[in-house]
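Listed below, chain by chain, are the residues.
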Amino acid sequence: MWRRPWLPACLAWGCVSALCGSRGLCPAPNASRPEPGQCPRRRAAELCAWALSSDSLLDIFPVDVIQENYVRNVRNCIFSVVYPTPFKSRVRLVAVSKEVLENILDLDISVKGSSDFLEFVSGGKVPFGSVPLAHRYGGHQFGSWAGQLGDGRAHLIGVYTNRHGERWELQLKGSGKTPYSRNGDGRAVLRSSVREFLCSEAMHYLGIPTSRAASLVVSDDDVWRDQFYNGNIKKERGAIVLRLAKSWFRIGSLEILAHSGELDLLRRLLDFIIQEHFPSIAMNDSNRYLEFFSTVMSETANLISLWMSVGFAHGVCNTDNFSLLSITIDYGPFGFMDSYDPNFVPNTSDDERRYKIGNQASVGRFNLSKLLQALKPLLDPRQKQLASQILEGYGEHYYSRFTELFKTKLGLLGENENDNYLIAFLLNIMEDTKADFTMTFRELSEITADQLKELHIPEEFWALQDLGKHKLFSEWVTMYLLRLNSNNGDSDAKRRTRMASINPRYILRNWMAESAVQKANLNDFSEVQLLEQVLQHPFQRQEAAERAGYSLRPPAWAKHLKVSCSS
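Here the structure is a predicted model, which is why all the values come from computation and not from measurement.

Asks: Any chance you could break down the overall build of the protein chain for me, citing the residues and the numbers?
Replies: Looking only at helices and strands, one finds 20 helices and 12 strands in the protein chain. Relative to the 2.2 N^0.38 estimate, which gives 24 Å for 567 residues, the radius of gyration of the protein chain is 25 Å and therefore close to what a compact globule would have. For the protein chain, long-range pairs separated by at least 24 residues make up 71% of all intrachain contacts whose partners lie at least 6 apart in sequence. By element, 49% of the accessible surface of the protein chain is carried by carbon and sulfur atoms, the whole surface being about 23,600 Å².

Have a look at this one:
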């Protein structure tokens, strides 16, 4: 039987008066405080008026019986109890997401200036009600079963239910070793943490399901990394991201239980996930696992279609990085395409180009097949056959959603048998001319039909000028304008407004992230903060973004940038 471990005073918030200092914003010691994991009545100005809970997980699932923190093979549990390892050096706050703090965590933005907040988000202290956990999972990595993986440098520090009734799981990434660290040091570096913080928020504002990022801190602790796996080990700085998701369970969470023959625990975990996150599925339905698989299949197809619609390549689409809630998680060597290239691979360690952007849909199907394999021990023969039929429908579902999204990007209304050809025609021209993916669609959103008809492309539309060099561009324009004329009740002004609302002007390009990282390494966090602000409004022209050149042709040096899995 697992017992709640004794929590050292140096790691826990207890006494209200000792915690809150002299500002007097917290309740007196005998005043009521929120129950663990529940929201305060109004935004909390101090962390002592705010609490997390781990009970919803600890009361349901068995926990690792070994409480010592050392790398080992773990069985018969979902989590191990393990506390974050504080940094040894000074910690600096790089950036916060005001929207996450205030609208998800019910914290007033002023809390970011307190020492308690800095200790919280850097793993120095855990909040009231929290029992930090590391999750046990496995996964297929680059197509092969990798065995036990798990949270090797992340701690789930609790569950919070906010004033909207939303349940969020909070996790520190880069917060120290766990039983699942394998050969790692449990840390994350500033370079990769800046990218994860910015991309989590950027994807949210692009309308793509994703985990969120609340804060980013950096230390002066030395962390050694071979960034490109070429033997060139360099010293970097340790950093931690506080990230949130409705759930961190992934395909690998189920795989490890099926592979280990822990079927009772597999059933318990599945039922918990369905009850908590799939309210449309009745728990007394004997086909609930089939319904679950069907939902995950369709939502995974939808997610990858959305990735493709903004030119996003995840980079490491292993089953341990695929959420069961079909949200984007685990930002590593990701990248947004500059020039359109279906062979774009952001991860330099992906030698076989398995996870190139044009292969993401196929990888999605592979991952779903591994999910089905994990579910099969719980299915009868009839259900197994039906599940296989569900999986066979993945390709059609993906292609339908992909077409729908790209029709919207081009401002097309209604149905036309030639729409698929029109989309493919444009993408082929873009590939031939190496036209910028994002700005091609954005500039089509801004240019008038008359300008297109006359092939008069203003100089500011640099991506369309590149596209215009193709010998078949005029033919495509003729087809496109003819198709736009068939939009019932539409006008050119309406078309441009509609397209501008879904084709971003700003994305997190690799060179932009790299520029922010280089400044952050010198303790200049201004560009990280600027990007976080700009990417909140990706569809609106912004003066600060234009001055920074975020909508201009990427600089020449951007072509030579590399991204690596070493983070």
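Asks: Tell me about unusual backbone geometry, and name the residues and values.
Replies: Here R353, not a glycine, exhibits a phi torsion of approximately 60°, which is positive. Along the chain, R353 falls in the loop between strand 12 (335-336) and helix 9 (360-375). Positioned with a positive phi, K434 is a non-glycine residue whose angle comes to about 55°.

Asks: Give a description of the nonpolar core that names residues and reports values.
Replies: If you look at the biggest cluster of nonpolar residues, it comprises 134 residues, and the most contacted ones within it are L254, F292, L371, W476 and Y480. A per-element tally of this core places helix 8 (residues 288-309) first, with 12 residues. Among all residues touching L371, those that are not within four sequence positions of it are I251, L254, F292, F293, V296 and L324. Listed in part, the 27 residues of the second largest apolar core include L47, F87, F120 and L170.

Asks: Pulling in residues and values, what's your account of the state of the cysteines?
Replies: Applying the stated criterion across every chain yields a total of 0 disulfides. Cysteine C199 is unpaired, with the sulfur of C317 as its nearest cysteine sulfur at 13 Å. We classify C199 as buried; its relative accessible area is 0%.

Asks: Residues and numbers for the confidence of the model for the protein chain, please.
Replies: On average, the protein chain scores 92 in pLDDT, and the residues at 70 or more come to 92%. The low-confidence segment residues 5-33 (pLDDT under 50) makes 46 contacts with residues lying over four places distant or belonging to another chain.

Asks: Just give me the short version of the packing of aromatic side chains, but keep the residues and values in it.
Replies: Taken as a whole, this structure holds 26 aromatic pairs when the rule is applied. Arranged with centres 5.0 Å apart and planes meeting at 40°, the rings of F142 and Y355 form a pair that is tilted. A residue pair is termed long-range when its members are at least 10 positions apart, and F142 in the loop between strand 4 (138-141) and strand 5 (144-148) and Y355 in the loop between strand 12 and helix 9 qualify at 213 residues. Here the aromatic residues Y340, Y394, Y398, F402, F406, F437 and F441 are joined through ring pairs into a cluster of three or more. The aromatic ring of F334 is capped on one face by R195, whose charged end is 4.1 Å from the ring centroid. Directly above the aromatic system of Y205 lies the positively charged group of R212, at a separation of 5.9 Å from the ring centroid.

Asks: Residue-level account of the pattern of salt bridges, with values.
Replies: Taken as a whole and judged by the stated rule, the model has 38 salt bridges. Notably, a salt bridge pairs K125 with E119, separated by 3.5 Å at the nearest N-O pair. With relative accessibility at 29%, the residue E119 sits in the partly exposed group. A salt bridge links R167 to E169; its shortest N-O distance comes to 3.0 Å. A residue is classified by how much of its surface remains accessible, and R167, at 13% relative accessible area, is buried. A residue is classified by how much of its surface remains accessible, and E169, at 2% relative accessible area, is buried. Beyond isolated ion pairs, a larger network of salt bridges with shared partners links K173, E196, R243, R250 and D330.

How each quantity is defined
- Residues numbered from 1 in each chain as written.
- Predicted model: local features only at pLDDT ≥ 70, side-chain atom pairs only at ≥ 80, totals over all residues.
- Heavy atoms only, no water.
- Helix = DSSP H or I, 4+ residues; strand = E, 2+ residues; numbered from the N terminus.
- Rg over C-alpha atoms; globule rule 2.2 N^0.38 Å.
- Contact = heavy atoms within 4.5 Å.
- Areas by Shrake-Rupley, 256 points an atom, 1.4 Å probe, with all protein chains shown as cover.
- Core = buried A, V, L, I, M, F, W, Y, C linked by side-chain atoms within 4.5 Å.
- Buried < 20%, exposed > 50% of the residue type's maximum accessible area, 1.4 Å probe, protein only.
- Disulfide = S-S within 2.5 Å.
- pLDDT = per-residue confidence, 0-100.
- Phe/Tyr/Trp six-rings, centres within 6.5 Å; stacked < 30°, edge-to-face > 60°.
- Lys NZ or Arg CZ within 6 Å of the ring centre and 35° of its normal.
- Salt bridge = Lys/Arg side-chain N within 4 Å of Asp/Glu carboxyl O.

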